[in-house]
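Geometric and topological summary
Chain by chain, the residues run as shown.
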Number of protein chains: 2
Amino acid sequence: MNVGIAGYGNLARGVEAAVTKADDMKLVAIFTRRDPATVTVATDTPVYSWDDMESMTDQIDVMVLCGGSATDLPEQTPQLAKLFTVVDSFDTHAHIPQHFSNVDAAAREAGTIGIISCGWDPGLFSIARLYASAALPNGADYTFWGRGVSQGHSDAIRRIPGVADARQYTVPVPEALEAARSGSNPELTTRQKHTRECFVVAEEGADLAAIEEAIVTMPNYFSDYDTTVTFISQEELNANHAGLPHGGTVIRSGKTGLDDEFADTVEFSLTLDSNPFFTGSVLASVARAAYRMHQEGQVGARTMFDIPPALLSPLSAEELRAHLM
Amino acid sequence: MNVGIAGYGNLARGVEAAVTKADDMKLVAIFTRRDPATVTVATDTPVYSWDDMESMTDQIDVMVLCGGSATDLPEQTPQLAKLFTVVDSFDTHAHIPQHFSNVDAAAREAGTIGIISCGWDPGLFSIARLYASAALPNGADYTFWGRGVSQGHSDAIRRIPGVADARQYTVPVPEALEAARSGSNPELTTRQKHTRECFVVAEEGADLAAIEEAIVTMPNYFSDYDTTVTFISQEELNANHAGLPHGGTVIRSGKTGLDDEFADTVEFSLTLDSNPFFTGSVLASVARAAYRMHQEGQVGARTMFDIPPALLSPLSAEELRAHLM
């Protein structure tokens, strides 16, 4: 199966690596809205201009979209679903129903499949929530993120006057994790679940107290959390905070038995050196499933909820039953 | 959807509770090979003789088989798949391909679906191994069981002369769990991964040293493990070891990046007060999926690898996307 990548940033590098390493896939094209001559990719995959896509529909079985959820994907996924079977990582949870509907209309008209909101959250975490709630219908869900870098929160700090650079870590509170695991189904507030650690490089002569105040009082991003701010040098940030680690934990505790007499806990967790490379690897496996579902004659929008897990694997159904069941 | 249960033991009690509590299912019949008059069930579900099944095919949408894997299910699942869409929990891993093939032939001929090997291992653990290996193709899998009661090992101890009763706990070794999580992909022997704790009630005047020797040297069951034997009274066993708790952990560690430069860990774990009631709850969710897949016109054998996760949930696709994605 021939795979294309639309947009080339961190996530695309992750997809590029995963597709290149998969024996059953070939990465045939990377498309960019920049001048292709200015884009250096990690493999010898040819880089094309975005406008070349339309003439290459017969060369690409699945297009993996690697744009951002704020402005790129809401437009691009429905547009590209008119040309290709597509996979995206749209992660604005509140807008998923609308995005699904837009992609569904485009894909049905074109006879393609569009699998949206793939990755780990939404994605593998969503699936963990679904399996756990199907097995334990009477229960409560908890999702914790981190310890990991939130790029959105890091960007928000960088927009404060006097800030040269910043990295923000989301950190689950150990006591909240234990409470969620305990089976007591506690109500946990935003502040109880996560803390936020900010490592900030200030510009020469900046007012550090004002920067710290601007961070910890920022609505939506920080004001509902216990936030710590540590000023460091650019060198220290480059040396110790260059990576994009992330991860998290989904916990569901619930009851079984006619009288709810048994308590059970289901837990799914990820610890990732690189958020974009792991997400890219998940997207590559979903591209495989999208190809197979389209080969079966399916059309329209889907999420990972709709993918039989076997379709994600390069192994045959027989191999899976013999070795992983 | 109308559900039947074939066979009435611990697992069936779990299915009975889960189906009874589900708003979209009705438990219409429990079938037994014993005299139905001698079987007392936990709900007001009518109990029928096994031989009544054949005349009740129009009253039951899905039959959940609750027999054992050693001798019951290899015969019963193919037989009953000729009459009903069926779900079983066949858990003899090595024989799954043969069982699948037998059920597939019967179900295809009858136009039914047979979903085999459902529960948590095989079942949710298998699915965790599959998602993790699809996301991290370059990696290693580890499965740990416990702390929990192994009924097979408890039974094996009870067959030793001089033993009145026994309960065996399988216990994962904490250092092995940490090694598996570390990302170093260690080779772990059977002895390194689990220990076995045996609580034994001896008959009056029995030779305790001989019983202990018979346990720790028993091939397949105990000789490859570090096993501890503790003799207790029947009263203490009844008071402290009456339950059937279980659980375990699936860990996959692997690498992403073109040069395998990033290390990631995926972990899925269960902590269960009651193994049969949780397994029964999973089987009830699979019965829902089996019904929906059969309604779609599918026939033949399946495993949980083939079920789109959305089909397990009583929630609609729209609700799932809005609330769990």
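The shown structure was predicted, so the numbers you read here are calculated from the model rather than taken from an experiment.

1. So, the overall build of chain A
- Looking only at helices and strands, one finds eleven helices and 14 strands in chain A.
- By the compact-globule yardstick of 20 Å for 325 residues, chain A fits well, its C-alpha radius of gyration being 22 Å.
- Split into buried and exposed, the 325 residues of chain A put 57% on the buried side.
- Carbon and sulfur atoms make up 47% of the accessible area of chain A, which amounts to about 13,100 Å² in all.
- One way to put it: in chain A the 22 positive side-chain charges average out to a point 3 Å from where the 43 negative ones average out.

2. Observations concerning the interface of chain A and chain B
- Each side of the interface is counted separately: chain A has 64 residues, and chain B has 64 residues.
- Each partner contributes to the roughly 5,400 Å² buried at the junction of chain A and chain B, and carbon and sulfur atoms together form 68% of this total.
- Per-residue buried area on chain A facing chain B is highest for Y131(A), R321(A) and M325(A); these three make up 16% of the total on that side.
- There are two salt bridges connecting chain A and chain B.
- Ionic pairing is found between D260(A) and K21(B), a salt bridge with its closest N-O pair at 2.6 Å.
- Put simply, chain A and chain B have 22 residue pairs in polar contact (both at pLDDT 80 or more) between them.
- Among the secondary structure elements, those contributing two or more residues to the side of chain A that touches chain B are α1 (10-21), α3 (96-110), α4 (124-135), β12 (246-256), β13 (262-272), α10 (275-295) and α11 (317-323) of chain A.
- Grouping the constituent residues of the side of chain A that touches chain B by class yields 35 nonpolar, 17 polar and twelve charged.
- Here β13(A) runs beside strand β13 (residues 262-272) of chain B; their pairing, made up of nine bridges, is antiparallel. Within β13(B), the residue paired with F268(A) across the bridge is F268(B).

3. Describing the pattern of salt bridges
Residues and elements named next belong to chain B.
- Inspection of every chain in the model, using the stated rule, returns 26 salt bridges over all chains.
- Where D104 meets R108, a salt bridge forms, and the shortest distance between an N and an O atom there is 3.0 Å. Of this pair, D104 and R108 both sit in helix α3 (residues 96-110), four residues apart, roughly one helical turn.
- The residue D141 makes a salt bridge to R252 at a minimum N-O spacing of 3.3 Å. Of this pair, D141 sits in strand β7 (residues 139-145) while R252 sits in strand β12 (residues 246-256), and the two are 111 residues apart along the sequence.

4. Remarks on the sheet that holds strand β8 (residues 148-149) of chain B
Residue and element names in this part refer to chain B.
- Within the open sheet, the four strands sit side by side as β8-β9-β10-β11. Their pairing is mixed. Lying at the two open borders of the sheet, with one neighbouring strand each, are β8 and β11 (226-231).
- Note: strand β9 (residues 163-172) against strand β10 (residues 194-202), nine bridges, orientation antiparallel. Across the sheet, Y169 pairs through a bridge with E197, a residue of β10.
- Running over the sheet, helix α5 (residues 151-158) touches β8, β9 and β10 and is turned about 145 degrees from β9.

5. Considerations on the relation of the copies chain A and chain B
- Mapping chain A onto chain B calls for a rotation angle of 180 degrees and an axial translation of 0.0 Å; the resulting RMSD is 0.0 Å. The transformation just described matches what one would write down for a two-fold rotation axis.
- Both copies contact each other with a shared surface, as 100% of the interface residues of chain A are interface residues in chain B too.

6. Here we look at the environment of Y221(B)
All names here are of chain B.
- Following the sequence through the fold, Y221 ends up in the loop between α8 (208-216) and β11.
- On the basis of relative accessible area, Y221 is assigned to the partly exposed category, the value being 30%.
- Setting aside its immediate chain neighbours within four residues, Y221 contacts G152, H153, A156, R159 and R196.

7. Structural notes on the packing of aromatic side chains
- Per the stated rule, a full pass over the model turns up eleven aromatic pairs over all chains.
- Relative to F277(B), the ring of F262(A) lies with its centre 4.9 Å away and its plane at 40 degrees, an arrangement referred to as tilted. With F262(A) in strand β13 and F277(B) in helix α10 (residues 275-295), this residue pair bridges two chains.
- F262(A) sits in the partly exposed class, given a relative accessible area of 21%.
- Given a relative accessible area of 13%, F277(B) falls into the buried group.
- On the basis of an interplanar angle of 75 degrees and a centroid distance of 5.2 Å, the ring pair of W120(B) and F125(B) is categorised as edge-to-face.
- Residue classification places W120(B) among the buried positions, given a relative accessible area of 7%.
- The exposure class assigned to F125(B) is buried, which follows from its relative accessible area of 0%.
- Lying across the ring of F100(A), R321(B) places its NZ or CZ 3.4 Å from the centre.

What counts, and at which threshold
Every residue gets a number counted from 1 within its own chain, in the order that chain's sequence is written. Each chain takes a letter, starting from A, and each ligand takes a number, starting from 1, following the order in which they are written. pLDDT decides what is reported in this predicted model: residues at 70 or higher carry local features, side-chain atom pairs at 80 or more are listed and counted, and totals for whole chains, interfaces and linings draw on all residues regardless. Side-chain numbers here rest on the full set of heavy atoms in the structure, without hydrogens or water. Think of it this way: any DSSP run of H or I at least four residues long counts as a helix, any run of E at least two long counts as a strand, and we number them from the N terminus. Only C-alpha atoms enter the radius of gyration; for comparison, a globular chain is expected to reach 2.2 Å times N to the power 0.38, where N is the number of residues. Throughout this description, buried means an accessible area under 20% of the type-specific maximum (1.4 Å probe, protein chains only), exposed means over 50%, and partly exposed covers the range between. With residues, only the protein chains shown are counted as cover, and all accessible areas are computed by Shrake-Rupley using a 1.4 Å probe. The convention is simple: Lys and Arg are positive, Asp and Glu are negative, and His and the chain ends are not counted. For charged residues, the charge sits on one atom: NZ in Lys, CZ in Arg, CG in Asp, CD in Glu. Note on contacts: a residue pair is in contact if any heavy atoms of the two residues lie within 4.5 Å. By definition, the buried area sums, over both parts, the 1.4 Å-probe accessible area that each loses when the two are put together. One speaks of a salt bridge when a side-chain nitrogen belonging to Lys or Arg is within 4 Å of a carboxyl oxygen belonging to Asp or Glu. Any N or O atom pair separated by 3.5 Å or less is treated as a polar contact, with the protein-specific requirement of one donor-capable and one acceptor-capable atom, and with residues adjacent in sequence counted only for side-chain atom pairs. In this classification, the charged set is Asp, Glu, Lys and Arg, the nonpolar set is Ala, Val, Leu, Ile, Met, Phe, Trp, Tyr, Cys and Pro, and all remaining amino acids, among them Gly, are polar. Think of it this way: DSSP has to see at least two bridges between two strands before they count as a pair. Note on method: axes are straight lines fitted to C-alpha atoms, helices fitted across the in-contact stretch only, with angles between N-to-C directions ranging 0 to 180 degrees. To line up the copies, we fit them by least squares on C-alpha atoms, keeping just the residues with pLDDT of at least 70 in both. Two rings from Phe, Tyr or Trp (for Trp, the six-membered ring) form a pair when their centres are within 6.5 Å of each other. A pair whose planes differ by under 30 degrees is stacked, one over 60 is edge-to-face, and the rest are tilted. Our definition puts a charge over a ring when NZ of Lys or CZ of Arg is within 6 Å of the ring centre and also within 35 degrees of the ring normal.

Keep in mind these numbers describe shape, not what the thing actually does.
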